[in-house]
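Observations on chain architecture
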Amino acid sequence: MSSLLYDAQGPRAKRRNVLFTAVFVAALAALVWWVYTSLDDKGQLEWSLWKPFFTGTEAWSTYIWPGLQNTLKAAALAMVIALPLGAVLGIARLSDHVWIRVPASVVVEFFRAIPVLVLMIFGVALYAKYTNISSDDRPLYAVVTGLVLYNAAVLAEIVRAGILALPKGQSEAAVAIGLRKNQVMRLVLLPQSVTAMLPAIVSQLVVIVKDTALGGAVLTFPELLSSANTMIGYYGNTIASFTVVAVIFIAVNFSLTSFASWLEGRLRRGKKSTGAVLGADAVAELAAPGDHEDLQKAN
């Protein structure tokens, strides 16, 4: 049976695919076995190295939980600030006014071109020289500043691309019924583009969570990965500690993407047409106040 996308496989193609699958599974099993034997030969799978994570709460309460709290705190602050800032910059880049569009484009291109780690280092120096922020809080401020500046620039491009991807007829139809430019953007373009932009936005939020580790590696910010390094020095279980931290990062990011997938599906279901037709009064309420009388006369 054929479809519009591909032709059905014949007997030879099916046998070939089965062979490729068997070879891949065998190679994967060999790789897993090699990793297991290598770790076992070096004593990395001994119960004493994994015991702190399963038989007590000291490792979790002293190292992992405080580090995870700092990671989530920095990521949450960066998300809350970067999302609206990126939306404003993205919309500003679409402005018809040169004095708005050009400065927004310069800001976006500038901060998007600088590595986030450099922005964090500049943030530490800036806060140390020109503010009274204590040395204990300075790494958090620097991490959040770097994440906000870089990711707001990236999110601005996501917002701009999402809006431009909509059919031009959407804005033309909105203008035809009397909506102003800000109403077209707020009531027509943004609500439709959010669903399309959501996967890219969530991917960038995952990047924010992971990039908090840069603060721990360079700025002594006590996030999850930095706490794991301290824990390794105490327990001497490098592989076990990094494995636990990796699983935690995977769980956090998977939860974030799962929530986004649920939200995207809900938004798509909510935007399905109900078949309702707007009357003249409803259209007049959306139109500019000065156009209300003209719409009534036209009807």
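One can find the structure itself at the top, above this paragraph.
Looking now at the layout of surface pockets. Looking at the largest pocket, its volume works out to about 540 Å³. In this structure, the largest pocket is lined by 19 residues; those nearest its centre are Leu94, Asp96, Lys181, Met185 and Leu189. Of all the elements in the fold, those that place two or more residues in the lining of the largest pocket are α3 (58-92), α6 (138-164), α7 (168-176) and α8 (181-218). Top contributing element to the lining of the largest pocket by residue count: α8, with five residues. Forming the walls of the second largest pocket are 16 residues, and the residues nearest its centre are Leu83, Leu198, Ile201, Val202 and Leu205. Where the lining of the second largest pocket is concerned, the elements lending two or more residues are α3, α6, α8 and α10 (238-270). Tallying contributions element by element places α8 first for the lining of the second largest pocket, with seven residues.

Let's shift gears to the packing of aromatic side chains. In total, this model carries nine aromatic pairs according to the counting rule given. Ring centres of Tyr63 and Tyr234 lie 6.2 Å apart, and the angle between their planes is 35 degrees; this geometry places the pair in the tilted category. Residue Tyr63 is located in helix α3, and its partner Tyr234 is located in helix α9 (residues 224-235); the two are separated by 171 residues in the primary sequence. Here Tyr63 falls in the buried class, since its relative accessible area comes to 13%. Ring centres of Tyr63 and Tyr235 lie 6.1 Å apart, and the angle between their planes is 75 degrees; on these two criteria the pair is classed as edge-to-face. Of the two residues, Tyr63 is situated in helix α3 and Tyr235 in helix α9; the sequence distance between them amounts to 172 residues.

Glancing now at the pattern of salt bridges. The tally for this structure, following the rule as stated, stands at five salt bridges. Residue Glu157 pairs with Arg93 through a salt bridge whose shortest N-O separation is 2.4 Å. Linking Glu157 in helix α6 with Arg93 in the loop between α3 and α4 (98-113), this pair joins segments that are 64 residues apart in sequence. The two residues Glu157 and Arg93 agree in class, both being buried. Since its relative accessible area comes to 14%, Glu157 is described here as buried. Sharing partners across several salt bridges, the network here consists of Arg93, Glu109, Arg112, Glu157 and Arg160.

Attention now goes to helix α5 (residues 116-130). Compared with an ideal rise of 1.5 Å per residue, which puts 15 residues at 21 Å, α5 spans 21 Å between its outermost C-alpha atoms and is within 8% of the ideal. Buried within α5 are the following residues: Val116, Leu119, Met120, Gly123 and Tyr127. Looking straight down α5, one finds that the buried residues subtend no more than 100 degrees of arc, so they occupy a single side. Opposite the buried face of α5, at more than 90 degrees from it, the exposed residues are Phe122 and Lys129. On its buried face, α5 is in contact with α4, α6 and α8.

Take Ser226: it is sitting in helix α9. Not counting the four nearest positions on each side in its chain, Ser226 is found in contact with Gly216 and Phe221.

Across the interface, α3 lies against α9 with an axial gap of 7 Å and an inter-helix angle of 160 degrees. Accordingly, the angle class assigned to the pair α3 and α9 is roughly antiparallel. Crossing handedness for the pair α3 and α9: right-handed. Where α3 abuts α9, its residues Glu58, Ala59, Tyr63, Ile64, Gly67, Leu68 and Thr71 lie against Leu224, Ser227, Thr230, Met231, Tyr234 and Tyr235.

What counts and how
Residues numbered from 1 in each chain as written. Predicted model: local features only at pLDDT ≥ 70, side-chain atom pairs only at ≥ 80, totals over all residues. Heavy atoms only, no water. 1 Å grid on protein atoms, 1.4 Å probe; cavity = no way out; pocket = protein on both sides within 12 Å on 5 of 7 lines; lining within 4 Å. Points joined across faces, edges and corners; volume = space filled by probe spheres on them. Helix = DSSP H or I, 4+ residues; strand = E, 2+ residues; numbered from the N terminus. Phe/Tyr/Trp six-rings, centres within 6.5 Å; stacked < 30°, edge-to-face > 60°. Buried < 20%, exposed > 50% of the residue type's maximum accessible area, 1.4 Å probe, protein only. Salt bridge = Lys/Arg side-chain N within 4 Å of Asp/Glu carboxyl O. Expected span 1.5 Å × (residues − 1). Arc of directions from axis to C-beta. Contact = heavy atoms within 4.5 Å. Axes fitted to C-alpha atoms, helices over the stretch in contact; angles between N-to-C directions. Parallel < 35°, antiparallel > 145°, perpendicular 65-115°, else oblique. Left-handed = near helix turned anticlockwise from the far one by under 90°.

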